[in-house]
Structures are given as C-alpha cells and as structure tokens.
Amino acid sequence: MLFQCLTVEGGCLVVLEEGLSIEQKLEILSDAAKYDVACTSSGMQREGKAGEIGNSVAAGICHSFSADGRCISLLKVLFTNECIFDCKYCINRSSNDVPRASFTPRELCELTIGFYKRNYIEGLFLSSGILHTPDYTMELICETLRMLREEYHFRGYIHCKAIPGANPLLIEYAGWYADRMSVNLELPTNEGLRSLAPNKTRKNILGPMRQIQDGIAESRQYLGMKGGNHSAFYFTKKAATKAGIEQRFYNDRINGSNRKPEGDKKSEEPKLSEEKKIPEEKEKASLQKTSNRLSLLEQVGRSTGRGFAAAGQSTQMIIGATPETDYQLVSVAEALYRKFDLKRVFYSAFVKVNEDSLLPDLPGGPPLLREHRLYQADWLMRYYGFAAGELLTEARPNFNAVLDPKCDWAVHHMELFPVEVLKADYFLLLRVPGIGPKSAKRIVEARRSGSFSFDDLKRMGVVLKRAQYFITCGGKTLGRLCLEETYVTQSLILNEKLPKNLQDALYGRQMSLFELPAFSAVAG
Amino acid sequence: MQMENLYIYRCEDSVEGILTGIYDAWASIHRHEENRIEVCGKEWEETRLFAEYITVIPDAEKSEKVQRSVRLRISEEAYEMVMKAILSQDTEKGEVIYRFLLYAFREGARACRSYGNPWVMRLFEAVRNYDNESHHLKGFLRFDAQENGVLVARYAPKNNVLGDLMEHFSDRLNSESFLIFDEKRRIMGVHQKDSAWFIYRLSPEEAKDFSDTYVEEDSYGVLWRIFHRTIAIADRENPGLQRNNLPLRFRPYMTEFREKTLA
C-alpha cells in the first residue's frame, strides 16, 4: 500500500481508498476520460464575489494544450471508470480488464480547487462510468457538485455529464449546479446504438437532452439572460432568416438539387424522435410542469442567480465506428441544433481501443480528416447560416477530401461571384471563401468611412489566397479573375496546405494529387 | 532627398511619457507633418541629421488632458485602444497613436473602425496583438503556492499586460494573496487577500532577492503533470498543432513543461 500524504491547506488530501494514491487515481481517471472531446469553458460570464473563489469568462480560456494539440481548459476526469455497461467502443466497458478507480467527492473538490488556484484550469468537467446503477452514480456526481459550490464556494466553470438512465430529479439537481450539461449521443443512428452500445437507447439519451433544454428555457424565463442564452445556431439562423438568405441561397442552389433544406422533412434528415412544439410554446408548457422542479428553482436557482445549465448543453458523436455518411452526420447535427438548441455538437474520430468483431479496422488511424471537415461544416451551420442540405446531399453524401466544405460549395455556385466587397451585405460576404464572421464584420464597418484596398482586406483578416477568386474590391481584381469552376478548383487546391497531420492522413496512401477521385472528377 | 524640418519628440515608454510627447508635439508651432514621436527603448535609436530632438519630460497634467479629450471628443473605445497601444510591444506606437489621434479628432468615433486608414490599421494591429497575448496569459500563467500560502507567478510577456492580468485574477482569486512578476520589465503586480491590487517596480536587488526566496513548486505540480501527460491521445499526437496553439516562448514558465518527478 502506498501511504502518501500530500499536504495542502486544510490537511490531508489523500484518502487511501482501495490502496490507490491520488496520483494513481488521477492517472486512471483522466486516462479514461480523454476520449471525450469537449473541453470548452465558454458560454458563461460570471464575476467573482468576495469570500468565494473563481469567476467565469464567456469566451472561455484555454489553459494548456496536450501532446495531441487539443485544448485543455477543464480538469476532465471520470468520477469512476467502473461501469456496468458494455459499449463496444469504450475503454471502460465492463468486459475490459483495466485498472479501476473511483474518486470521492472530497478528493475531487480538493483537486479542482488546488488546480484552479494555481491557474491550471478553468473548472471541472465531470463525466463517469456507471457504478452500481445510473442513480447511484448520478447521486455521487451531484454530491460533488454541491460540495464544490456550497462548501468550497467555487464560482468557476463546471461541465457535467448526465448519466443516461438516471432519475430526472437527479439530472435536474445537477443542472442547478453545473454551467453546462451534456448527454452524449454517441452514435448518430439508432442501428449504430443498438449494435455498439446495447445498454443505451435513443430514449434515455434524448429524454435527458429534452429535459435539460426545458430546464434552460425555464431558467431563462425566471432569470433572463443570466438563466441561459440560446445557441449560436439559433442567433445565426434568426439573423439569416431576417436577411432573407433562404430565398437568396437555398432555392435551386442546393448543390444542384432543388430541395429546400427546411422543407420536406420526411425524405431528408434522419429522424430524431419527439419534436413537434416550437420553443415558445414549450417554454410556457414547461413552466406549469412538475412541482418539484419549481421547488428546486426556489432552493438552488433563484438564491444563487446562477441559472440552470446556463452555458447551455452539448453532445458528442463518434465518427467512423459505424457506416454513416457525412450527409447523415451533418443532418443529425443540424436537427440537434434546431430541435434541442444545443450550444455545440462535438465530433470524435473513432479511436480503436478495443478488439471487437463489431468494430471497423482503421489501418490509416483515426479518421482525422473527416472529423476536421465535419467541424468546418459545423462552423458553417452555426455562424455562417449554411444549411446542412446546402453542403451535402444524398446524391453527394461525403465531403471533398481536398477542398474544405465552403470552397467546395463556392466552386459549385460560381454564378454568385464575383462579390464586390465594398457593396455586398454581411451574409453574402460570409459566403466568400476566405472571409469569416470577424472579417465580414470589419469590412461592413470599415466601408462606412471610405474605401480600401486588397492589402487592407488582408490586414482585416481576409485570407486572400482563397478569397481572390471570388471577389472584386472597388471594381478591381487581384490578379486574373476567371470564374471558371475547373480553374478555380485547381487553384484553390494548389494553394491549400492542410495541417501536417491531415496531409499525412490524406497523402499517406502515396496518392498523387491528380489521382484523387474528387480532384480528377472536377479537373477531368 | 527632400529637405524638411523634423522635430523628434523622444518620450519615456509610459502612459505619461507618450501622452506628454503627443501633447507637446500638438501644442508646438510646427506643422504636424514635421513632428515625430519616438518612444525610447533601452537606448535611443540612431540619430538623424537635420532633425531636432526634443526630450519630453513626463507630465501628469498634460497626460490627463490628452486622455480626457480622447474620451470626450472621440470615444471610450478610442481611449481604450490608445491605452492598450501604449502598453503594446509596437516600437513605433508613439507615432502610430499621434497619427491616429490626428485622424480621429477629425473623424470622430467611427475612426476606430476605419481600417482603410493605415494608422487606424496599425493601431488596431497593436491592440490586437496586446489583446491576444493578454488572453493567452490568462490561461497560460501559472501560480506556485509558497509555504506561507501566497501564490506566485513569473512571466516575461512581449506586451505589458500586467494590468489586465491583475484585473482578471483579483476578481477570480479575490480571497487569495498573489504576486505576478514580469521578469522582463521588473514590475510586480501585488494582490493582498481581499484588498485592491497595485503594481510595484522592483530594484535589481529586490528582484534578485525575490528570485532567491521563491519556491518553484508544491505537490500539485506533480499531479498536474500527470494529468497533462495522460489526457493526450497517443493515436492523435501532433506536436505541430500543440506548438501553434501553445508557442514555445510561454513554456519555460509553465508547470507542465518542467522536467520534474516526485522527489
């Protein structure tokens, strides 16, 4: 047995449960948590308060980056890696023989506060395997959050997973302590879930998701903005609708197909069960709901003014463990944004940690390029006003390997270009490859007091190596402007340098650029 | 070469120094085109022939006057940009601010967004650089708990972002006593538990004393390194991406990059 005692303010940190030191527990339980993607600390602005510890910054803060280049913002750990479930893809599945450990609520609080004070982290991301029962586990999680908030007076960020199958009251309880809640969708289709996560069902994933959404809506009613804001997707959609972009871009322009993305629900997106009501009605309806919810609101919510999961909710899908197309994935993501008002959908390239006949082989490693394209598309939906159906269709269900989704969209819509940057409105500017929300906003602001040059555009953040094929600036072009699809596509591809690891993923197969099917299809 | 008169105002690198320089240049009888504002580094830049050098004596009152007119006659936003630019690493910031103000007093509040104007753009870039580094350091700064409970951080930023950081951490850690020491400028931000913060300039001897007594780490450093190592996914290792996101220059001060194991 290891008998170590780390002295910290307030005495002994280590509880020698199961003979494991705190170092060993931390190692086991962070190792087991690392496949969860989300580590963001955004969406919550909260000032400090005398006598308490911590605050929260809406933009989120990255505290470090691990060897894989991913942001570390939160202490991301499992409460326990014990698990009664046997999800095929998961390192902690019950049939695996791995070292198991559990924290105590006290240990986790001490770790969180100790790390927080030294500015290692922005807060806690608490997930868990399932010890004994979902309720038992969720209760331990709730107790940890309660202690952190009420005993340690912690005002930093807390992201908490809802355990599928746990009593809704416990999820409700956690929501009043956490800033963000998430339930992992894990696999985008029902079939996928059935084959790889036999203990999870769509119902006990979407159920809590809906409950959390209702909770946030309700908390917003009571506490205003402080109670929780809508997602970026919601706001972009609202502004885009107001600017009439559906009429301008969607009709007849969906990569050659004539469907409206919003239209025809039956043929299009994979169904997410239970939808129906529009948010306003729902907000009202949920207010009259359970009495215990209101008493919790009185007890916890109103007195702290913290709100119910006021930084919103997110989810995560595993990419490449099951045979969905990119089109299915972005459609599911879009549906989640629209129906559950999620802040983020995260995509996690499948890493094969278990040998199982039901899991695919990944000779080229995790599908990182695919994950990268999905994030790009996700951004286009949340901040640019793109609809999933504009980016991909059933006929063309996968992203282009060599062109990012926006460039790919643009070269198929050359009739919209060139765009005159001194005149075009915000949403048209956003359609130009190389122009993002920040630079589009700067352009709109800057032209109020006069014109500017290509050089100024560059300094405003426009990526000219992409934008140059699509814009004029005061009637001028940068170099030759040829609005011919093949020419533009080739130029874009030749200019593009993918991040190194993605280049490896793409070219590792010793394919030359011109052998790539996507490329020769266009070039040929 | 064109022969013209040049009057170069040499200012100390401080709010008072730079704003007094601008005040003096403005109040002078020369045309604006003939004036230059130069901020001193350690030594003066090379001396130009045919130029008259004016050494600016920092003056609180003049500096106040400039600040007031920027706030009243341009905007709060312009004021904030100018103050950040003064703390930025831009070596020509005096000149940039002078030219920006000339333009902005004429154009009013919208000048701050007139990115087509080269001086506005220069100011914007200096401010953006300052803001980015400040934001980075809110995450990358590391405190080590000393035996007396005081949290101590050391760093050497390119821009002088200490004020920003003190503002941030005194809200966040209001019940802690902490120090942030800028080794490059030898200035220290001091926050005493439950009271207001201030910035203090250390003499070389004091700085040495400080370095000698400072204890680099407590037991949490070990735990943090365990976490930092374990949380990475080996199949996705990508040092290039890690370096882009977390430039090497920050790492010497960061707990997770110290090569230490349990003693």
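Residues numbered from 1 in each chain as written. Chains lettered and ligands numbered in written order. Predicted model: local features only at pLDDT ≥ 70, side-chain atom pairs only at ≥ 80, totals over all residues. Heavy atoms only, no water.

**Some thoughts on the overall build of chain B**
Point 1. Helix and strand counts for chain B come out as 9 helices and 8 strands.
Point 2. Across the 263 residues in chain B, those meeting the buried criterion constitute 52%.
Point 3. In chain B, of all internal contacts separated by at least 6 residues, the share reaching a separation of at least 24 is 65%.
Point 4. Of the roughly 13100 Å² of accessible surface on chain B, 50% is carried by carbon and sulfur atoms. (Helix = DSSP H or I, 4+ residues; strand = E, 2+ residues; numbered from the N terminus. Buried < 20%, exposed > 50% of the residue type's maximum accessible area, 1.4 Å probe, protein only. Contact = heavy atoms within 4.5 Å. Areas by Shrake-Rupley, 256 points an atom, 1.4 Å probe, with all protein chains shown as cover.)

**Topic: the interface of chain A and chain B**
Point 1. Chain A puts 66 residues into the contact, and the matching count from chain B is 57 residues.
Point 2. Looking at the side of chain A facing chain B, the largest losses of area belong to Arg 118, Tyr 120 and Arg 459 of chain A, adding up to 13% of the total buried there.
Point 3. Across the contact surface, chain A and chain B share 7 salt bridges.
Point 4. Here chain A is connected to chain B by 31 residue pairs in polar contact (both at pLDDT 80 or more).
Point 5. Counting residues per element, the ones that place at least two in the side of chain A that touches chain B are β1 (7-8), α1 (22-31), β3 (64-65), β5 (74-78), α2 (105-117), α12 (368-383), α16 (437-446) and α17 (454-459) of chain A.
Point 6. By residue class, the composition of the side of chain A that touches chain B is 29 nonpolar, 17 polar and 20 charged. (Buried area = accessible area lost by both parts, 1.4 Å probe. Salt bridge = Lys/Arg side-chain N within 4 Å of Asp/Glu carboxyl O. Polar contact = N/O pair within 3.5 Å; in protein donor to acceptor, adjacent residues only side chain to side chain. Nonpolar A, V, L, I, M, F, W, Y, C, P; charged D, E, K, R; others polar.)

**Thoughts on the confidence of the model for chain A**
Point 1. In this model, chain A carries a mean pLDDT of 83, and residues with pLDDT of at least 70 account for 81%.
Point 2. In the model, residues 1-17 of chain A has pLDDT below 50 throughout and makes 40 contacts with residues more than four positions away in sequence or in other chains. (pLDDT = per-residue confidence, 0-100.)

**Some thoughts on the nonpolar core**
Point 1. Counting residues in hydrophobic clusters, the biggest one holds 173 residues, and the most contacted among them are Leu 26, Phe 115 and Phe 470 of chain A together with Ile 180 of chain B.
Point 2. Counting residues per element, this core draws most heavily on helix α11 (residues 326-340) of chain A, at 8 residues.
Point 3. Not counting residues within four places of it along the chain, the set of residues in contact with Phe 115 of chain A comprises Leu 26, Leu 75, Tyr 120 and Ile 121 of chain A together with Tyr 220, Leu 223, Trp 224 and Phe 227 of chain B.
Point 4. Ranked by size, the runner-up nonpolar core spans 33 residues in total, among them Tyr 9, Cys 11, Val 56 and Tyr 103 of chain B. (Core = buried A, V, L, I, M, F, W, Y, C linked by side-chain atoms within 4.5 Å.)

**Thoughts on the sheet that holds strand β4 (residues 144-145) of chain B**
Point 1. Judged by pairing direction, the sheet is mixed, and its 5 strands sit side by side in the order β4-β5-β6-β7-β8 (chain B) without closing on themselves. Each having just a single partner strand, β4 and β8 (197-201) of chain B make up the two edges of the open sheet. (Pairing = 2+ DSSP bridges.)

**Quick notes on the pattern of salt bridges**
Point 1. Enumeration over the complete set of coordinates arrives at 52 salt bridges over all chains.
Point 2. Glu 125 of chain B is the salt-bridge partner of Arg 459 of chain A, the closest N and O atoms lying 3.5 Å from each other. With one member in each of two chains, Arg 459 of chain A in helix α17 and Glu 125 of chain B in helix α5 (residues 118-140) form a pair that bridges those chains.
Point 3. Salt-bridge contacts for Arg 122 of chain B lead to Asp 90 of chain B; the nearest nitrogen and oxygen are separated by 3.2 Å. Placement of Arg 122 of chain B in helix α5 and of Asp 90 of chain B in the loop between α3 (76-87) and α4 (93-107) is noted, with a sequence separation of 32 residues between them.
Point 4. One salt-bridge network, in which partners are shared between bridges, spans Asp 144, Arg 154, Glu 183, Glu 216, Glu 217, Arg 225 and Arg 258 of chain B.

**Thoughts on the packing of helix α1 (residues 15-27) of chain B against α4 of chain B**
Each pair of packed helices gets described by two things: the angle between the helix axes and the distance between those axes.
Residues and elements named next belong to chain B.
Point 1. One way to put it is that α1 packs onto α4 with a least axis distance of 10 Å and a crossing angle of 55 degrees. It follows that α1 is oblique to α4 by the angle criterion. Read as a crossing pair, α1 and α4 show a hand that is right-handed. Where α1 abuts α4, its residues Ile 18, Ile 22, Ala 25 and Trp 26 lie against Lys 93, Gly 94, Ile 97, Tyr 98, Leu 101, Leu 102 and Phe 105. (Axes fitted to C-alpha atoms, helices over the stretch in contact; angles between N-to-C directions. Parallel < 35°, antiparallel > 145°, perpendicular 65-115°, else oblique. Left-handed = near helix turned anticlockwise from the far one by under 90°.)

**With respect to the packing of aromatic side chains**
Point 1. Here the structure, examined in full by the defined rule, presents 26 aromatic pairs over all chains.
Point 2. Measuring from centroid to centroid gives 6.3 Å for Tyr 469 of chain A and Tyr 487 of chain A, while their planes differ by 80 degrees, and the two rings are edge-to-face. Placement of Tyr 469 of chain A in the loop between α18 (464-467) and β12 (471-472) and of Tyr 487 of chain A in helix α19 (residues 485-495) is noted, with a sequence separation of 18 residues between them.
Point 3. Relative accessible area serves as the criterion here: at 8%, Tyr 469 of chain A is assigned to the buried category.
Point 4. A connected cluster of aromatic rings, assembled from ring pairs, spans Phe 115 and Tyr 120 of chain A together with Tyr 220, Trp 224 and Phe 227 of chain B.
Point 5. The positively charged end of Arg 431 of chain A is found above the aromatic ring belonging to Phe 386 of chain A, 3.8 Å away from the centroid.
Point 6. Looking at Arg 431 of chain A, its charged tip hangs above the ring of Trp 409 of chain A, at a distance of 5.0 Å from the centre. (Phe/Tyr/Trp six-rings, centres within 6.5 Å; stacked < 30°, edge-to-face > 60°. Lys NZ or Arg CZ within 6 Å of the ring centre and 35° of its normal.)

**Re the sheet that holds strand β1 (residues 6-11) of chain B**
Residues and elements named next belong to chain B.
Point 1. One open sheet accounts for 3 strands, arranged β2-β1-β3; its pairing is parallel. The open sheet has two free edges, formed respectively by β2 (35-39) and β3 (51-55), since each of these has just one partner strand. Each strand axis lies, on average, 25 degrees off the axis of its neighbour in the sheet, ignoring direction.
Point 2. Here 5 bridges tie β1 to β2, and the two strands are oriented parallel to one another. Considered in β2, the bridge of Arg 10 is made with Glu 38.
Point 3. Sheet strands touched by α1: β1 and β2. Its angle to β1, the strand with the most contacts, is close to 155 degrees.

**Some points on α1 of chain B**
All names here are of chain B.
Point 1. If you check α1, its first and last C-alpha atoms are 18 Å apart, about what 13 residues at 1.5 Å a residue would give, namely 18 Å.
Point 2. Among all positions of α1, only Gly 17, Ile 18, Leu 19, Thr 20, Gly 21, Ile 22, Asp 24 and Ala 25 are buried.
Point 3. Against β1, β2, α2 (60-74), α3 and α4 lie the buried residues of α1. (Expected span 1.5 Å × (residues − 1).)

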